[in-house]
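# Structure at a glance
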Amino acid sequence: MEMILATKSSTPIIGQLATVMGWIMDGIYRLLNVFGIQNIGLCIIIFSILIYALMTPLQIKQQKFSKLSAIMQPELQKIQKKYKGKNDQASMQKMQEETQAVYQKYGVSPTGSCVQLAIQFPILMALYQVIYKIPAYVGSVKDILASAVTSITGVNGYTDILQQFITDNKMTRVQLIMDGSKATSNSVTDFLYALSPSQWKTLAETSQFAGFTDTLNSTAKEISHVQNFFGLNIADQPLTYIKAAFVGGSALLAIVAILIPILAWATQMINLKLMPQAAQQSGDSQQDAMMNSMKTMNMVMPLMSAVFCFTFPVGLGIYWVASAAVRSVQQVVINKKMDKIQIEDLISENMKKMEKKREKAGLPPQKITNQAHQSAKN
């Protein structure tokens, strides 16, 4: 099971992107605060809308490539069949030349799709880091907990006290990060952020922290207000509310909690349905097997997200729901745009871009035959 880590991501590129996104998230929080709104759940939704809106050009490029790729596939498969079983150097070279000619005919690069994915992947990973480790990246939230952290870390043996608290309260998703024999202040921050309102009350009643009970209570009140989303605490797990309903807890909150996994599944399924679907290719068992695997994965992944949502913080579930909803709206807009684009116009546009790149590199224009152009148009 994943743990809530105190430190920021140290992964190159992803770590730097997450820091920048953290500034954006903090800016959203501060802007809402001007209007008297302090709510991390709302920040997550606005943050998701903003980031995915900025990624729209990348999505359009990706789907332009996919649209051309669907037309190119029969030609590429014909070449593969032509040289199937021919492993001599001359045949391999001819196959490579003919394959390259197809890509040139449509004005695309063989690595076009990979480039778009390579750009999007670190952005999405950094986005996940920010949502999963709110206090590490959003300074305004960390500041709320600062006084309580200072008070706790000033107590002798605070690390053992907190570790015992984690054990007693079965906080399996929280881990104290050590600096020598003591827990770091950042990990104490994340520990406090992960507390439910009832756990804050228990913490304030801890005898060793009796000297600053008021600080803990006031911090609990402020952070609980910030974490509240339709009655749920975004640091809590939906499963916690569902279990509580069976022992006298709020049935309404349990229903709201159940909606998080359901919406996570539903919004992702809608998003997948809106994505362009490649036609099933017949006669190529390897291609058919790959497409069947993709269909299976598309069915399983949303279901897995729903299952994970029960035991992950509500905040992460909100992000999954919001991001899938945003992507769905984004996909509707992109689909309308793509429907208006003619293939020959798309090829012409790509050819112009490739010729500009060749000109900058000092290369002569590509020699594409009229027959190849006519084939592309057909």
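Our structure is the block above this text.
Residues numbered from 1 in each chain as written. Predicted model: local features only at pLDDT ≥ 70, side-chain atom pairs only at ≥ 80, totals over all residues. Heavy atoms only, no water.

### As for the packing of helix α10 (residues 197-204) against helix α11 (residues 213-227)
- Packing of α10 against α11 brings their axes to within 9 Å, and their N-to-C directions diverge by 170°. Looking at the two axes, α10 sits roughly antiparallel to α11. Contact with α10, carried on its side by Pro-197, Trp-200, Leu-203 and Ala-204, involves Thr-213, Leu-216, Asn-217, Thr-219, Ala-220, Ile-223 and Ser-224 of α11 and no other residues of that element.
- For the contact of α10 with α11, the residue count by class is seven nonpolar, four polar and no charged. (Axes fitted to C-alpha atoms, helices over the stretch in contact; angles between N-to-C directions. Helix = DSSP H or I, 4+ residues; strand = E, 2+ residues; numbered from the N terminus. Parallel < 35°, antiparallel > 145°, perpendicular 65-115°, else oblique. Contact = heavy atoms within 4.5 Å. Nonpolar A, V, L, I, M, F, W, Y, C, P; charged D, E, K, R; others polar.)

### Details of the environment of Asn-39
- If you trace the backbone, Asn-39 turns up in the loop between α1 (14-34) and α2 (40-54).
- Put simply, Asn-39 and Phe-229 are 190 residues apart on the chain and 7.5 Å apart in space, counted from C-alpha to C-alpha.
- Each residue touching Asn-39, except ones within four places of it in the same chain, is listed here: Tyr-29, Val-226, Asn-228 and Phe-229.
- A polar contact of 2.9 Å, which involves the side chain of Asn-39, links it to the backbone nitrogen of Leu-42. (Polar contact = N/O pair within 3.5 Å; in protein donor to acceptor, adjacent residues only side chain to side chain.)

### A short note on unusual backbone geometry
- Although it is not a glycine, Ile-13 adopts a positive phi angle of roughly 70°.
- Tracing the chain through its elements places Ile-13 in the segment before α1.
- Accessibility expressed as a relative area gives 56% for Ile-13, which makes it exposed. (Buried < 20%, exposed > 50% of the residue type's maximum accessible area, 1.4 Å probe, protein only.)

### Quick word on α1
- The terminal C-alpha atoms of α1, which comprises 21 residues, lie 30 Å apart, in line with the 30 Å expected from a rise of 1.5 Å per residue.
- In the stretch just after α1, Gly-36 is the one whose phi turns positive, near 80°. (Expected span 1.5 Å × (residues − 1).)

### Quick notes on the environment of Lys-105
- By secondary structure assignment, the location of Lys-105 is in helix α4 (residues 89-105).
- Between the alpha carbons of Lys-105 and Ile-347 there is a distance of 8.1 Å; along the sequence they are 242 residues apart.

### Thoughts on the packing of aromatic side chains
- Throughout the structure, instances matching the rule amount to seven aromatic pairs.
- Plain terms: the ring middles of Phe-308 and Phe-312 are 5.7 Å apart, the flat faces sit at 20° to each other, and that makes the pair stacked.
- Grouping aromatic residues by their ring pairs yields a cluster made of Tyr-128, Tyr-132, Phe-308, Phe-312 and Trp-320. (Phe/Tyr/Trp six-rings, centres within 6.5 Å; stacked < 30°, edge-to-face > 60°.)

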